[in-house]
Amino acid sequence: MSAILPLVRAGLFFLCMAGWWLWLNQYMNMPVALTPVVSFCSIGCILYLAGLLNVLMPVQIVLYLGGLAILIVALVRRFRTVLTSFLRPSMILFTLCWGWTILRFRGALLQGHDDFAHWGIVAKRLISTGHLANTATTAVEYLDYPPATALWIKFYCNLVGTSDGTMLMAQALLAVACAFAVAALAKNRAQGFIAAGVTLVPLSCGLVYGSLMVDGLLTMLGVAAIAAAIAQRRSSRPELAAVAAAPILGFLAITKNSGVFLAILAGLLILAILWKPHTSLRRRAADAVAALAFPTVLWYLWGQHIRLVYPDGMESKHAVDAAAYQANLAAKSPEDLAQFWQSFVAYWQDFSHYENVLYWFVPLAVCILAVILWRSRRIRGGQAAIACCAALGGTAIYTVGLAFTYIFSMPVAEMLVLASIGRYSLTFSLLVAGGGGILYLASCPTSQKRAFRWGETAVAVVLCLAFINTWGGFGKFYNRSGYDQSEQIPWLEFKQEYGLPDGAKYVIYTGDTPVDTWADTFVARYVFNTDTLYFWVDKDGPLDLDTICYQYEYLLFWGSDESSRQLLSDWGFDPDTRWIETRLFLARRDEYLKNGTPLPESSLPS
């Protein structure tokens, strides 16, 4: 029964979402393949606003029940019509991918420093507390990072159940929904294969399927927003093209601070795609509000929230704030900046990094593709020009923005080593590649000779598979090995062996056991789901019970030495114990005082 219940809850969540998919399809005439990503991102934006107003759970309940009610009413009133209009190959395939994702990540564990340092802990604390982080949530150090993915994970886990696996499921399903948005551009089965190849490229090459890191998700959201605008423009409600992309762009802007930059670039491209000579000023203004103003305002509200909730919120690492930029710049000497520029320029000239090869090759490939499509009369000259400007101009702007990020947002040590530059460049390369795939797919004619259609499809799919085989891989879609090597395994075993609770205040004595306190603080804090955790190491001296007993609830002995064993023995406890509640020292002190027993040398104030 315990194994079936999570599947039942996952099925209930699917039905809740299906109601919103039906509503978007039936009442907004949105292509079926777009409905998952638009609904997911819309819910994320709604929860974001609810979180700012501190009414998360009531809004979540309304969204759960609302989707279920819409589904029930639609099926009761017009069962046959709903099924015939909604059960399309893309939605059937999406449902199968949903089921596979649940199986793929069942029992999975988070891995990697960044998942523990921010993305995992912020989601876990949000689920535990039920509200956005505030001054009491000291476990979240990167205060300025927007919380979109954590809110979506909370929405999923509150109904399905909370574990590392379900958190990974939630984020993977969001990425899969983004991928299926491209399928809305396919006009026949052959083009459906092309759409699958196009979306598998960023899914397999980026950090998105199997991680809570958001860099790959930024790519997927950008691709999905562009595909949504084009697909909706071809529907019976073309005036809603920018509206269909708006929630995706909004979610992109509040996924990570760099997301707002990508959202603006994607929004400008969408406006260029939707532009028509005789469009009314009112319509153009409405499109601009949906594509540019909406994501920008959502992102701006997060900055205001941080300023109101945290007195020093804008002084956190990587904060987007003029004063923080000024402080970061002031900390860098002219020599540091000169060394950075030398390393930055040298990096782009070093083609031994595959991310660097892609960064320059992909925009050029998109331009060549645009010229070929123009010469073959599949697209107009203006459309080819827009594609080339977007690929080359976007790359130039992103490169400059990346340099400014290192100079103004990162500390000296990270700037000098060009921290994570490969990941950042890959994010944008895959976005450009996805845009090129959309350009090709959107240009495919509705009717072609069968042999030519499938021949062209075969070439396109082979190129996508070659790209994936060279720079990505399919292992992340099925390979479950490696979870037994997660950094949190020793801490999970320790916690489970002694039945230690979540959310308590812990001090961990390392003794003579070597510990990487910087990395293990993030991991242990995540495992114990706590805001208060401290490693007591050699530099702190002997254990100070006066400090420990009044600031922490549990004393854990990750390692021991003669000093710790003597302390426990002096107070009448087992010298080889691995953990003890600090209140027991206070209780033993009171007992000694009551009986007139002399206190040990390591005494507590009476």
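Structure shown above.
All values reported here derive from a predicted model rather than from experimental measurement.

Draft legend 1. How the structure looks around the overall build of the chain. Check the secondary structure of the chain and you find 25 helices and four strands. For a compact globule of 606 residues, the expected C-alpha radius of gyration is about 25 Å, and the chain comes in at 27 Å, within 12% of that figure. Taken along the three principal axes of its C-alpha coordinates, the chain extends 95 × 70 × 45 Å. Counting the 606 residues in the chain, one finds 52% classified as buried. Split by element, the accessible area of the chain, about 26600 Å² in all, is 63% carbon and sulfur.

Draft legend 2. Structural detail: a nonpolar patch on the surface. A contiguous nonpolar surface patch, about 530 Å² in accessible area, is contributed by Trp100, Leu103, Leu465, Phe474 and Tyr478. Mapped onto the elements of the fold, Leu103 is located in helix α5 (residues 89–105).

Draft legend 3. Main features of unusual backbone geometry. Although it is not a glycine, Leu418 adopts a positive phi angle of roughly 50°. Structurally, Leu418 can be placed in the loop between α18 (412–416) and α19 (421–443). Positive phi outside glycine occurs at Asn529, with the angle close to 50°. Summarising the element assignment, Asn529 is placed in the loop between α22 (517–528) and β2 (533–536). By relative accessible area, which is 4% here, Asn529 ends up buried.

Draft legend 4. How the structure looks around the packing of aromatic side chains. Under the definition given, this model contains 49 aromatic pairs. Plain terms: the ring middles of Phe13 and Phe155 are 5.6 Å apart, the flat faces sit at 65° to each other, and that makes the pair edge-to-face. Separated by 142 residues along the polypeptide, Phe13 in helix α1 (residues 4–27) and Phe155 in helix α7 (residues 148–160) bring together distant segments of the chain. Through successive ring pairs, a cluster of aromatic residues spans Phe261, Phe340, Trp341, Phe344, Tyr347, Trp348, Tyr359, Trp360, Tyr398, Tyr406, Tyr424 and Phe428. For Lys124, the ring lying beneath its charged end belongs to Tyr526, and the centroid distance is 4.0 Å.

Draft legend 5. Here's a closer look at helix α12 (residues 257–274). With 18 residues, α12 ought to run about 26 Å at 1.5 Å a step, and its terminal C-alpha atoms sit 26 Å apart, in line with that. Inspection of α12 places Asn257, Gly259, Val260, Leu262, Ala263, Ala266, Gly267, Ile270 and Leu274 among the buried residues, and these make up the whole buried set. Considering only its buried residues, α12 is in contact with α10 (215–233), α11 (241–253), α13 (281–309), α17 (381–409) and α19.

Draft legend 6. Region of the structure containing the sheet that holds β2. An order of β2-β1-β3-β4 is seen for the four strands of this open sheet, with the pairing classed as mixed. Of all the strands in the sheet, just β2 and β4 (579–581) have a single pairing partner and so form its edges. Geometrically, the sheet is characterised by an average inter-axis angle of 20° between neighbouring strands, direction not taken into account. Here three bridges tie strand β3 (residues 554–557) to β4, and the two strands are oriented antiparallel to one another. By the bridge assignment for β4, Tyr554 is matched with Glu581. On top of the sheet, α22 reaches β1 (506–509), β2 and β3; it is set at about 140° to β2, its chief contact. Packed onto the sheet, helix α25 (residues 583–595) meets β3 and β4 and runs at close to 60° relative to β4.

Draft legend 7. A look at the packing of α10 against α12. Between α10 and α12, the least distance of the axes is 10 Å, while the angle of their chain directions is 20°. Judged by the angle between their axes, α10 and α12 are roughly parallel. As α10 runs across α12, the sense of the crossing is right-handed. The segment α10 lies against α12, with Leu218, Ala225, Ile226, Ala229, Ile230 and Arg233 engaging Ser258, Gly259, Leu262, Leu269, Ile270, Ile273 and Leu274. Per-class residue counts for the contact of α10 with α12 are ten nonpolar, two polar and one charged.

Draft legend 8. Layout of the packing of α1 against α5. Two numbers describe how α1 lies on α5: the axes approach to 12 Å, and their chain directions differ by 150°. What the angle tells us is that α1 and α5 run roughly antiparallel. Seen from above, α1 lies across α5 with right-handed handedness. Packed against α1, whose contacting residues are Leu7, Ala10, Phe13, Phe14, Met17 and Trp21, the element α5 presents Met91, Phe94, Thr95, Trp98 and Ile102 at the interface. Counted by class, the contact of α1 with α5 contains ten nonpolar, one polar and no charged residues.

Criteria and thresholds
- Residues numbered from 1 in each chain as written.
- Predicted model: local features only at pLDDT ≥ 70, side-chain atom pairs only at ≥ 80, totals over all residues.
- Heavy atoms only, no water.
- Helix = DSSP H or I, 4+ residues; strand = E, 2+ residues; numbered from the N terminus.
- Rg over C-alpha atoms; globule rule 2.2 N^0.38 Å.
- Buried < 20%, exposed > 50% of the residue type's maximum accessible area, 1.4 Å probe, protein only.
- Areas by Shrake-Rupley, 256 points an atom, 1.4 Å probe, with all protein chains shown as cover.
- Patch = residues over 30% accessible without salt bridge, like charges linked within 9 Å, V, L, I, M, F, W, Y side chains within 5 Å.
- Salt bridge = Lys/Arg side-chain N within 4 Å of Asp/Glu carboxyl O.
- Phe/Tyr/Trp six-rings, centres within 6.5 Å; stacked < 30°, edge-to-face > 60°.
- Lys NZ or Arg CZ within 6 Å of the ring centre and 35° of its normal.
- Expected span 1.5 Å × (residues − 1).
- Contact = heavy atoms within 4.5 Å.
- Pairing = 2+ DSSP bridges.
- Axes fitted to C-alpha atoms, helices over the stretch in contact; angles between N-to-C directions.
- Parallel < 35°, antiparallel > 145°, perpendicular 65-115°, else oblique.
- Left-handed = near helix turned anticlockwise from the far one by under 90°.
- Nonpolar A, V, L, I, M, F, W, Y, C, P; charged D, E, K, R; others polar.

The values are spatial; any link to function lies outside them.
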